[in-house]
Amino acid sequence: MAARQLVNPAMAVVLGVICVSLLVGICTAADAVVYFDWDISYITAAPLGVKQQVIAVNGKFPGPIMNLTTNYNVVVNVQNDIDEPVLITWDGIQQRKNSWQDGVLGTNCPIPSGWNWTYTFQVKDQIGSFFYFPSLNLQRAAGGYGGITINNRAVISVPFGQPDGDFTIFIGDWHNRNHSDLRKALDDGKDLGMPDGVLINGKGPYQYNSTLVPDGIDHETFNVQPGKTYRIRVHNVGISTSLNFRIQNHNMLLVETEGSYTSQQNFTNLDIHVGQSYSFLVTMDQNASSDYYVVASARFVNETRWRRVTGVAILHYSNSKGKASGPLPDPPNDIFDKTFSMNQARSIRWNTTASGARPNPQGSFRYGSIDVTQLYVLKSVPLVNINGKRRATLNGVSYIPPTTPITLADQFDLKGVYALDFPTRDIDGPPRTASSIINGTYRGFMEIVFQNNATSVQTYHLDGYAFFVVGMDYGDWTEASRGTYNKWDGVARSSIQVYPGAWTAIMVSQDNWGVWNLRTENLDRWYLGQETYIRVVDPDQTNKSVLAPPDNVLYCGRLESKQKPQSIHHKAGSTRSAAGVGFWAVMGLVVAAISL
């Protein structure tokens, strides 16, 4: 079902009153409401020629694009029709004071199989390119993801001309085994092994080589007009593989990443790591002697062994004279320049003169002049053995999600659910499992250094915030490393890569109350415990700006007895169930208001 958008200006005040009373205050009278009705289910697909179970949203893989505008209020009714619990998280959406809607285990009880639940949040003061996905138990490895596009309000200028079109491209490594089989492999202490391919928009590679790509594989085609300029949003929604993205014979002008406009620069290719999002302007300025390849290939691997693990789509000009043929455009050659990828990353800077979601320039927030109040150096190492199980750690701690979400434990003053004792540096002792989280400081300024002593690239993501990327280098981070920091135009984003044997430093202004997930986006290591949470609580407990639990909050763990059963379940399009009643009551009142 497509989004239905409530934007009638004459009804803005009425809708605002309805929103305040029924959506726990997420709406304002001037801001539109959009709502989505989603069914999360299994479908059978064969993106690489092998039939398998895939997670779809409303029968689609990938799922629908959420096309929003700054400050829109979003209502998403999710029906879980797969055979295991589900949570949907909104990667990079900085829900203000509203971690109740974050869709991860520390903040939400999972939606049981056969139940539904309604998310309500506002994309407050945001623009840019993001994506959503199921956050539990490697489910993203089976699909369930889709794009989130947040457009500027008309009154805010954009630092480039209006594109002639807009494409969203999902790239990611893919296994022919189901996510449950991948999960079992990790539980059994095994590695996931080499993926079977790379998908582009849920489809396999174009047959550029009949030896590497068998017959019958469906591929993606992007139809364009000569001379036109398109905005192309690229998301790496994969499992653990860094990918190099490139379009044959075309320059890609980088303009935005994860909610920040960047200093504009041309790339012929760009490394996009797991969980990251970028958008480019690409002008169709070639002679269309044939179609052109769109390529996503694995990075930092044995290229001879991994040749088949390459995603290939087609860029088709309307006046194209034939099909694409011949070799793919070359990937980066790191043999003589080991710092190629890192230098690419360092070159991505904040456009400090452009407005973001507000009219003031992005550079008006002088992060480099703020005193640091907390420092965490988070060290990752190769997988370790804890109590007979392979686990991933940060500072020697492998996170175990408590059965009761942290937000609910705080709301009901439950003791012993978690501990505010996450170590600031690597512990001196054997690794351990724990529900250990970081005690943030409201209005503090936190410096986080990711030290990667493992053997592969890792991406880290922080929910609820955009952070400033201030430095990265090879070797071990020391206090002297601060001398290399970029304290002026380091880009603000929500995910960042850390190269093996290297470190990356970020800075975070802790102005968003709530409990926020800090994790690796590499799904295997995330599943095995490489995450924690940052708890940021307003010391003024009388402050009414902090949102209360939503009326439809789910209960689990030590609060399971408070949960009312859902007696009426549905497939999409039929009778709504109990947890969605608030959603449909809101929609009924809105429709009634419009008809007045």
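Here is a short report on the structure shown in this document. Just so we're clear, the structure is a prediction, and the values are computed from it rather than from any experiment. (Residues numbered from 1 in each chain as written. Predicted model: local features only at pLDDT ≥ 70, side-chain atom pairs only at ≥ 80, totals over all residues. Heavy atoms only, no water.)

1. Let's talk about the overall build of the protein chain
Secondary structure summary: the protein chain contains six helices and 34 strands in total. Expressed as a percentage of the 596 residues in the protein chain, the buried residues total 60%. Within the protein chain, contacts between residues separated by at least 24 positions form 78% of all contacts whose residues are at least 6 apart in sequence. Split by element, the accessible area of the protein chain, about 22,900 Å² in all, is 51% carbon and sulfur. (Helix = DSSP H or I, 4+ residues; strand = E, 2+ residues; numbered from the N terminus. Buried < 20%, exposed > 50% of the residue type's maximum accessible area, 1.4 Å probe, protein only. Contact = heavy atoms within 4.5 Å. Areas by Shrake-Rupley, 256 points an atom, 1.4 Å probe, with all protein chains shown as cover.)

2. Quick notes on the pattern of salt bridges
Enumeration over the complete set of coordinates arrives at 24 salt bridges. We note a salt bridge from Arg 482 to Glu 447, for which the minimum N-O separation is 2.9 Å. Placement of the pair is Arg 482 in the loop between β29 (467-474) and β30 (492-493) and Glu 447 in strand β27 (residues 445-452), with a sequence separation of 35 residues. On the basis of relative accessible area, Glu 447 is assigned to the buried category, the value being 0%. The closest approach of N and O atoms between Arg 482 and Glu 479, which form a salt bridge, is 2.4 Å. Its relative accessible area of 28% is what places Arg 482 among the partly exposed residues. Several salt bridges share partner residues, and in doing so they unite Asp 91, Arg 140, Asp 463, Arg 519 and Glu 521 into one network. (Salt bridge = Lys/Arg side-chain N within 4 Å of Asp/Glu carboxyl O.)

3. Brief notes about the sheet that holds strand β6 (residues 88-91)
What the four strands build is an open sheet, ordered β4-β9-β8-β6; its pairing is mixed. The strands lining the two open edges of the sheet, one partner per strand, are β4 (66-69) and β6. Going from strand to strand, the sheet's axes swing by 25 degrees on average, the running direction of each strand aside. Relative to strand β9 (residues 146-151), β4 runs parallel, the two sharing four bridges. In the sheet register, Leu 68 faces β9, and the bridge partner there is Ile 150. (Pairing = 2+ DSSP bridges. Axes fitted to C-alpha atoms, helices over the stretch in contact; angles between N-to-C directions.)

4. As for empty space enclosed by the protein
Counted according to the given criterion, the structure contains six cavities of 30 Å³ or more. Estimated volume of the largest cavity: approximately 80 Å³. In terms of lining residues, the largest cavity is bounded by Leu 87, Trp 100, Thr 107, Asn 108, Cys 109, Ile 111, Trp 117, Thr 407, Leu 408, Val 553 and Leu 554. Across the lining of the largest cavity, the residue classes break down as eight nonpolar, three polar and no charged. Taken as a whole, the second largest cavity spans an internal volume of roughly 40 Å³. Lining the second largest cavity are Leu 270, Asp 271, His 273, Tyr 278, Ser 341, Gln 344, Ala 345, Ile 348, Gln 497 and Tyr 499. In terms of residues, the lining of the second largest cavity owes the most to one element, helix α3 (residues 340-346), which gives three residues. Residue composition of the lining of the second largest cavity, by class: five nonpolar, four polar and one charged. (1 Å grid on protein atoms, 1.4 Å probe; cavity = no way out; pocket = protein on both sides within 12 Å on 5 of 7 lines; lining within 4 Å. Points joined across faces, edges and corners; volume = space filled by probe spheres on them. Nonpolar A, V, L, I, M, F, W, Y, C, P; charged D, E, K, R; others polar.)

5. Some words on the nonpolar core
Of all hydrophobic cores here, the largest spans 78 residues; its most connected members are Ile 171, Phe 245, Phe 280, Leu 315, Ile 448 and Phe 450. The element contributing the most residues to this core is strand β32 (residues 502-509), with six residues. For Phe 245, the residues in contact, after removing those within four places along its chain, are Ile 169, Ile 171, Val 234, Met 252, Asn 269, Leu 270, Ile 272, Phe 280, Val 294 and Val 295. Counting residues in each nonpolar core, the second largest holds 49 residues, with Phe 36, Trp 38, Ile 55 and Ile 148 among its members. (Core = buried A, V, L, I, M, F, W, Y, C linked by side-chain atoms within 4.5 Å.)

6. Digging into the pairing of strand β15 (residues 252-257)
Most of β15 is tucked away: six of the six residues are buried. Relative to strand β16 (residues 260-267), β15 runs antiparallel, the two being bridged by five bridges. Residue pairing for β16: Leu 253 is matched across the bridge by Asn 266. A loop of two residues connects β15 with β16, the two strands running antiparallel in sequence, and Glu 258 in this loop sits at a positive phi of about 50 degrees. Across three bridges, β15 lies against strand β18 (residues 277-283) in antiparallel orientation. Across the sheet, Leu 253 pairs through a bridge with Leu 281, a residue of β18.

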